[in-house]
Amino acid sequence: MASFLHALGRASFRRRWLVLALWTVLLAGLGAAAAAWSGPASTKLSIPGTEAQQAMDALATEFPAATGGSGNIVVEDPVPGALTTETGQQTLAALQAEAEQLPEVAAVLGPEQTGEISRNGTIAVLRVQFTKPVDELDPATKDAFETVGAGLVRDGLTIAHGGDIATGEPDVGSTEGIGVLIATAVLAITLGSLVAAGMTLLTALIGVAAGMFGIIALSGIVPLNATTPILALMLGLAVGIDYSLFITSRYRHNLLEGMAGDEAAGRAVGTAGSAVVFAGSTVIIALAGLSVVGIDFLTKMGLAAAFTVAVAVVVSLTLSPALLSLAGRKALPRALRTDEAARRALDAEESPRLLGHRWAEFVTHHRILAIVSVLAVLGTAAVPALSMQTALTDPGHSADGAPDRVTFDLITKGFGVGSNGPLLVTVRADDPADLPARTAAVTAELTSTEGVAAVSPPQTSPGGQLSLLTVIPTTGPSDDATAELVDTIRQRASSGTGATVQVTGFTAIGIDISDKLAAAMPRYLLLVVGLSFILLIVVFRSILVPLKATLGFLLTIAATFGLTVAVFQWGWLADTVGLDVPGPLMSFLPILMIGILFGLAMDYEVFLVSRMREDFVHGASAREATVSGFG
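Keep in mind it's a predicted model, so treat the numbers as computed, not measured. (Residues numbered from 1 in each chain as written. Predicted model: local features only at pLDDT ≥ 70, side-chain atom pairs only at ≥ 80, totals over all residues. Heavy atoms only, no water.)

### A short note on the packing of aromatic side chains
Reasoning step 1: Evaluation of the coordinates by the stated rule reveals eight aromatic pairs.
Reasoning step 2: When the centroid spacing of 6.2 Å and the interplanar angle of 40 degrees are considered together, the rings of Phe 13 and Tyr 251 count as tilted. On the criterion of sequence distance, the pair formed by Phe 13 in helix α1 (residues 2-14) and Tyr 251 in helix α9 (residues 228-256) is long-range, its members being 238 residues apart. A single burial state applies to Phe 13 and to Tyr 251, both of which are buried.
Reasoning step 3: Taking the centre distance of 4.8 Å and the plane angle of 85 degrees together, the rings of Phe 297 and Phe 588 count as edge-to-face. Note that Phe 297 is positioned in helix α11 (residues 296-327) and Phe 588 in the loop between β11 (585-586) and α20 (589-617), a separation of 291 residues in sequence.
Reasoning step 4: Classification of Phe 588 as buried rests on a relative accessible area of 6%.
Reasoning step 5: Here the aromatic cluster, defined as three or more aromatic residues joined through ring pairs, consists of Tyr 243, Phe 246 and Phe 607. (Phe/Tyr/Trp six-rings, centres within 6.5 Å; stacked < 30°, edge-to-face > 60°. Helix = DSSP H or I, 4+ residues; strand = E, 2+ residues; numbered from the N terminus. Buried < 20%, exposed > 50% of the residue type's maximum accessible area, 1.4 Å probe, protein only.)

### A few points about the pattern of salt bridges
Reasoning step 1: By the definition in use, this model includes 18 salt bridges.
Reasoning step 2: In this structure, the salt-bridge partner of Arg 267 is Glu 263, at a minimum N-O distance of 2.9 Å. Taken together, the positions of Arg 267 and Glu 263, both in helix α10 (residues 261-288) and four residues apart, correspond to about one turn of that helix.
Reasoning step 3: Given the relative accessible area of 40%, Arg 267 is considered partly exposed.
Reasoning step 4: Exposure remark for Glu 263: the relative accessible area of 18% places this residue in the buried category.
Reasoning step 5: One salt bridge connects Arg 623 with Glu 361, and the closest N-O pair in it is separated by 3.6 Å. (Salt bridge = Lys/Arg side-chain N within 4 Å of Asp/Glu carboxyl O.)

### Structural notes on the environment of Phe 533
Reasoning step 1: One can find Phe 533 in helix α18 (residues 506-540).
Reasoning step 2: Distance in space between the C-alpha atoms of Phe 533 and Leu 554 is 13 Å, their sequence separation being 21 residues.
Reasoning step 3: Discounting residues that sit within four places of it in the chain, Phe 533 has contacts with Ile 543, Pro 546, Leu 547 and Thr 550. (Contact = heavy atoms within 4.5 Å.)

### Considerations on a nonpolar patch on the surface
Reasoning step 1: Among the surface-exposed residues, Trp 359, Phe 362, Leu 369, Leu 608 and Phe 630 lie close enough to one another that they form a single nonpolar patch of about 490 Å² accessible area.
Reasoning step 2: Relative accessible area serves as the criterion here: at 35%, Phe 630 is assigned to the partly exposed category. (Patch = residues over 30% accessible without salt bridge, like charges linked within 9 Å, V, L, I, M, F, W, Y side chains within 5 Å. Areas by Shrake-Rupley, 256 points an atom, 1.4 Å probe, with all protein chains shown as cover.)

### Comments concerning the side chain of His 161
Reasoning step 1: As for its placement among the helices and strands, His 161 is situated in strand β4 (residues 158-162).
Reasoning step 2: The buried category is assigned to His 161, whose relative accessible area is 9%.
Reasoning step 3: Here the side chain of His 161 touches Val 148 through a polar contact of 2.8 Å, landing on its backbone oxygen. (Polar contact = N/O pair within 3.5 Å; in protein donor to acceptor, adjacent residues only side chain to side chain.)

### Describing the pairing of strand β3 (residues 123-130)
Reasoning step 1: With respect to burial, β3 is a largely interior element, seven of its eight residues being buried.
Reasoning step 2: Examined bridge by bridge, strand β1 (residues 70-76) and β3 share seven bridges and lie antiparallel to one another. The residue of β3 that forms the bridge with Asn 72 is Arg 127.
Reasoning step 3: Relative to β3, strand β2 (residues 105-109) is paired through four bridges, and the arrangement is antiparallel. Looking across to β3, one finds that Ala 107 is bridged to Gln 129. (Pairing = 2+ DSSP bridges.)

### Thoughts on unusual backbone geometry
Reasoning step 1: With a phi angle near 65 degrees, Glu 104 is a residue other than glycine that sits in the positive phi range.
Reasoning step 2: Relative to the helices and strands, Glu 104 resides in the loop between α4 (86-100) and β2.
Reasoning step 3: The backbone of Leu 573 shows a phi angle near 55 degrees, a positive value even though the residue is not glycine.
Reasoning step 4: With respect to the secondary-structure elements, Leu 573 resides in the loop between α19 (544-569) and β11.

### A closer look at the nonpolar core
Reasoning step 1: In this structure, Tyr 243, Tyr 251, Leu 298 and Phe 588 are the most contacted members of the largest nonpolar core, which totals 102 residues.
Reasoning step 2: It is α11 that provides the largest number of residues to this core, a total of 16 residues.
Reasoning step 3: Non-local contacts of Tyr 243, meaning those with residues more than four positions away in its chain, are made with Val 276, Ala 279, Gly 280, Val 283, Val 309, Ala 312, Val 313, Ser 316, Asp 603 and Phe 607. (Core = buried A, V, L, I, M, F, W, Y, C linked by side-chain atoms within 4.5 Å.)

### A look at the environment of Ala 444
Reasoning step 1: You can see Ala 444 is positioned in helix α16 (residues 435-447).
Reasoning step 2: For Ala 444, a relative accessible area of 48% gives the class partly exposed.
Reasoning step 3: For the pair formed by Ala 444 and Val 180, sequence separation is 264 residues and the distance between their alpha carbons is 59 Å.

It is worth stressing that arrangement in space is one thing and function is another; only the former is reported here.
What follows is the structure, given as structure tokens:
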């Protein structure tokens, strides 16, 4: 492979205008395809094979009105009994009438229908049901929902909007833009050349643009979740800068050794480029491996990010040498462009006074102490991971003052935290004539179940085949007790009533997702670790190096989980990271962290050990190669 990459690097350097023209045409074509074929982002969660998803699919078929998007409008008047007075009732009636005028509304249920007015008459809730799922609603409908009641607000009256319609889509590119600016500054300082820094960043951005355009174009054919391009953008930018930086750094080193430009580029792509190929392969394996989890949107997210990383690899191997050809010796700092300065720089690279060499010498000399210290520190950091809890996050963990958090807190204040995460219970009888009796039996069973605060009157599907009950738990949506309640309902209600009972709704879907992800975690770990272990054996022709890399990764993951639990679940240093309410980790976070961290950990493992092995093959002792390669 090194010979092929060497030839590729030299060819790209010599035929720079052809390479630049090909990438320009490809980028323009992908951009045009993205503009022509892009589709809307989806926020829908589909978890095949779970009870919650089966029940939701049945509702979509037999009771479609119950599966549309929903919103909550919460009114608070701090004066006791204010909302039960004539003035308060008029305010609620006007609010309901205004909500009924919204486009795509199926129904608006006021407090007189739902009973959702607090005992002291200060808080009331209106439930708005839409005709379509949230991701299919017109954006204008969402904007209009947020303004309902704006003209009714007066001194002391609070009107808040929440529910799944109020959930915004993630913003693509805002924080990443800050990252690009920081990366530019770091590269300019590190490389000592604005030309080299600019080319490194330009290569990464072109790779990210090509990958993103391809993903956006695909979204018109395959529905993609709103978070899919964010992960692809983040990882594409990260590895794109890395890969281009390593090739540029080796090219500069080769120039200092007196090589001609084309040979310097060929050697850079043949050596550092080989590390880029294998490092990129480990990242791709880790991301594509998300497919084994069996969750559709997670599969698409992993494959999209893997595609972007693959593009970054190809761009770095071809476009980097072409751009370096344009720069020539300007890729070096101005002070190093003479032969005498180049010799001094090469001597300085081998100087034992450099921090990298001093650190590597210290660690290799005190290797037992270093190993024990690392194990002790990371092992201690990993301890909190033993108590890790996961759930789909709810608005109760949003920032103070956020609209959905205000709504969540008001509903909790007026009706209890469980009202923020109702469970939808479907009841089906073999004979439709038995449905009313079966539903009554299920209602009685639910009412007597510990952890149930209330059970709504049943709604029957238009075809009379299915009844729908809304169950309000006494605990919050992400509480462990709520997950236990869902299990209890599934076991007791069906067995004790003779009916087919299923539990669904956002809270139940979140519980099933957490269970499915937890079950898939060992399988995913085994896949990515096993495949990458084999790949590293091929790269380094060693067993101990891949074994060390794998064990180091597992320790890194454990420590990362432990620190994440300590901060975000336990609340340590919560103020430092702007966390208002600690709570369970997002269900998808652990498995995504494994994919990202595994890919990047192996990335840097390959870069470091490749250079060490290169020096070892050229005659250095094992310890000398370790020190020089690290430096």
